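# Analysis of the macromolecular model
Spelled out, the chains give:
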Amino acid sequence: MNQAMPNHAATTRRYALLLLLAYPVLAIAGAVTQRQIFALLALVLLLTVVMLPRLLSHRVLPWLAWLAMLAGIWMLSRHGVADLLLEAVPILINALLACWFGRSLGTAEPLVARFVVAIEGPERLRQPGVLRYARQVTWFWTLLLAAQALLLTFLLLCASHSGLLLRVGVTPPLQVPERWAAAWLHLGCYVLLGVAFGLEYIYRRWRLRHLSHPGLHQMLLQLALHWPQLLRGHRAVAP
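Criteria and cut-off values
Counting starts from 1 at the beginning of each chain's written sequence and moves along it residue by residue. Residue-level local features of this predicted model are given only where pLDDT is at least 70; pairs of side-chain atoms are given and counted only at 80 or more, and the full residue set underlies all totals for whole chains, interfaces and linings. Based on all heavy atoms of the structure, the side-chain values leave hydrogens and waters out of the count. Numbering of helices and strands starts at the N terminus; helices are DSSP runs of H or I of at least 4 residues and strands are runs of E of at least 2. Each residue's exposure class comes from its accessible area (1.4 Å probe, protein chains only) as a fraction of the maximum for that residue type: buried when under 20%, exposed when over 50%, partly exposed otherwise. By definition in these notes, contact holds between two residues if any of their heavy atoms fall within 4.5 Å. Under the convention used here, a 1.4 Å probe and the Shrake-Rupley method define accessible areas, while residue burial counts only the protein chains that appear. Salt bridge criterion: a side-chain nitrogen from Lys or Arg within 4 Å of a carboxyl oxygen from Asp or Glu. By nonpolar core we mean a set of buried residues, namely Ala, Val, Leu, Ile, Met, Phe, Trp, Tyr and Cys, connected to one another through side-chain atoms within 4.5 Å. To estimate how far a helix should extend, the number of its residues minus one is multiplied by 1.5 Å. An arc is given here, and it is the one of the directions from the helix axis to the C-beta atoms. Only the stretch in contact is used when fitting a helix axis, every axis being a line fitted to C-alpha atoms; angles between N-to-C directions are given from 0 to 180 degrees. Any angle that falls under 35 degrees is termed roughly parallel, while one over 145 is termed roughly antiparallel, one within 65 to 115 roughly perpendicular, and all others oblique. Crossing chirality is assigned from the near helix's rotation relative to the far helix, an anticlockwise turn below a right angle marking it left-handed and a clockwise turn marking it right-handed. Patch membership requires more than 30% relative accessible area and the absence of a salt bridge. Residues of like charge join within 9 Å; the nonpolar side chains Val, Leu, Ile, Met, Phe, Trp and Tyr join within 5 Å. The predictor reports its confidence for every residue as pLDDT, a score running from 0 up to 100. Two rings belonging to Phe, Tyr or Trp (six-membered ring only in the last case) form a pair when the distance between their centres is within 6.5 Å. Interplanar angles under 30 degrees mark stacking, angles over 60 mark edge-to-face geometry, and anything in between is tilted. Two conditions define a charge located above a ring, namely a distance within 6 Å from the ring centre to NZ of Lys or CZ of Arg, and an angle within 35 degrees of the ring normal.

Per the secondary structure count, the protein chain includes 10 helices and 0 strands. When the helices and strands of the protein chain are listed from N to C terminus, the series reads α-α-α-α-α-α-α-α-α-α. Per-residue burial for the protein chain yields a buried fraction of 40% across its 239 residues. A fraction of 66% describes how many contacts in the protein chain between residues 6 or more apart in sequence connect residues 24 or more apart. Summed over all atoms, the accessible surface of the protein chain reaches about 14100 Å², with 70% contributed by carbon and sulfur.

What follows deals with the environment of leucine 76. In this fold, leucine 76 is placed in helix α3 (residues 60-78). In the structure, leucine 76 is positioned 36 residues away from leucine 40 in sequence and 9.6 Å away in space, judged by C-alpha atoms.

A few words on the pattern of salt bridges. Applying the stated criterion across every chain, the model contains 3 salt bridges. Here arginine 124 makes a salt bridge to glutamate 120, at a shortest N to O gap of 2.8 Å. Here arginine 124 falls in the buried class, since its relative accessible area comes to 8%. The partly exposed category is assigned to glutamate 120, whose relative accessible area is 26%. With its nearest N and O atoms 2.6 Å apart, the salt bridge here joins arginine 204 to glutamate 200. Linking arginine 204 with glutamate 200, this pair stays in helix α8 (residues 178-207), spanning 4 residues, or about one helical turn.

What follows deals with the nonpolar core. With 25 residues, the main nonpolar core has Phe101, Val112, Phe115, Leu125, Val130, Trp141 and Leu145 as its most contacted residues. Counting only elements with at least two residues in this core, the list comes to α4 (82-104), α5 (111-120), α6 (130-158), α8 and α9 (216-230). Core analysis: the second largest hydrophobic core is formed by 17 residues, Leu40, Ala42, Leu46 and Trp66 among them.

Here we take up α3. Counting along an α-helix, one turn takes 3.6 residues, and residues three or four places apart therefore face a common direction. Between its terminal C-alpha atoms α3 stretches 27 Å, which fits the 27 Å expected from 19 residues at 1.5 Å a residue. What α3 keeps buried is the set Pro62, Trp66, Ile73 and Ser77. Buried residues of α3, seen end-on, are gathered within an arc of 65 degrees and therefore sit on one face of the element. Opposite the buried face of α3, by more than 90 degrees, sit the exposed residues Val60, Leu61 and Arg78.

Their axes nearest at 11 Å, the elements α6 and α8 cross at an angle of 165 degrees. Here α6 is positioned roughly antiparallel relative to α8, judged by the angle of their axes. Our pair here, α6 against α8, has a crossing hand that is right-handed. Contacts between α6 and α8 involve Tyr133, Gln136, Val137, Phe140, Trp141, Leu144, Leu145, Gln148, Leu151, Leu152 and Leu155 on the former and, on the latter, Ala181, Trp184, Leu185, Cys189, Leu192, Leu193, Ala196, Phe197, Glu200, Tyr203, Arg204 and Arg207.

Moving on, we get to the environment of alanine 95. Structurally, alanine 95 is set in helix α4. A residue is classified by how much of its surface remains accessible, and alanine 95, at 28% relative accessible area, is partly exposed. Between the C-alpha atoms of alanine 95 and alanine 146, which are 51 residues apart in sequence, the distance is 6.0 Å.

Judged by relative accessible area, which is 17%, arginine 204 ranks as buried. When residues no more than four places from it in sequence are discounted, the contact partners of arginine 204 are Tyr133, His213 and Met219.

Another aspect to go through is a nonpolar patch on the surface. A grouping of Leu187, Val191, Val195, Leu199 and Ile202 is seen on the molecular surface, where their side chains present a nonpolar patch of about 460 Å² in accessible area. Its location among the elements puts leucine 187 in helix α8. By relative accessible area, which is 42% here, leucine 187 ends up partly exposed.

On to the confidence of the model for the protein chain, then. Mean pLDDT for the protein chain: 79, with 82% of residues reaching 70 or above. Highest mean pLDDT in the protein chain belongs to α6 (94); lowest belongs to helix α10 (residues 234-237) (45). The low-confidence segment residues 1-5, where pLDDT is below 50, has 0 contacts with residues more than four positions distant or belonging to other chains.

Another aspect to go through is the packing of aromatic side chains. Scanning the model with the defined rule gives 8 aromatic pairs in all. Aromatic ring contacts, followed pair by pair, group Trp100, Phe101, Phe115, Phe140 and Trp141 into a single cluster. Lying across the ring of tryptophan 206, arginine 209 places its NZ or CZ 4.7 Å from the centre.

Below is the structure:
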């Protein structure tokens, strides 16, 4: 039984990753072709990823809830707002992550410190400079994610053809070309986060060069394994 649970979790993560790989393709296709079917498919895909663990449990209620949400998306598409919902997804993701990082700054346990414990154990935080650096990186991610949420909101409002301001009859002070806005909303914003993650990893190895560091693959694997526990703080992930 205990062995079956990790296998189930691994299967869920594998399916979720495969589904998420299709998301930027569908989102960009919808923005470029202006065909709502791609926005609808992207929304269905995101909804399926969120509910995937419950759907794979083969219980009836999650499937009924999933079908009800699909019906809701279809109803929204009848009113022509499905694409706006899709474009709001990156804003919501960045805003929620910024709040998650930012709220931890008011505690003795900044969020990046939880990551350190999940990957390398609680004793790592007692080594020189680690806890201070963890707080500084938590600040970095809070500001970056908040700034990007504001930028994405601006793009959603001021896109040259489908921007929200134009839809309600208001001329934006600065119009952003449609394809540039769509590309950043659905792809560029995630590429930026990946690049920032990689650069921070390189800088950390230089800044804390007096310490040994796990490889990038090992670090990502440990984060994936302990992701649910990170929500509850370092005591939940400490050995």
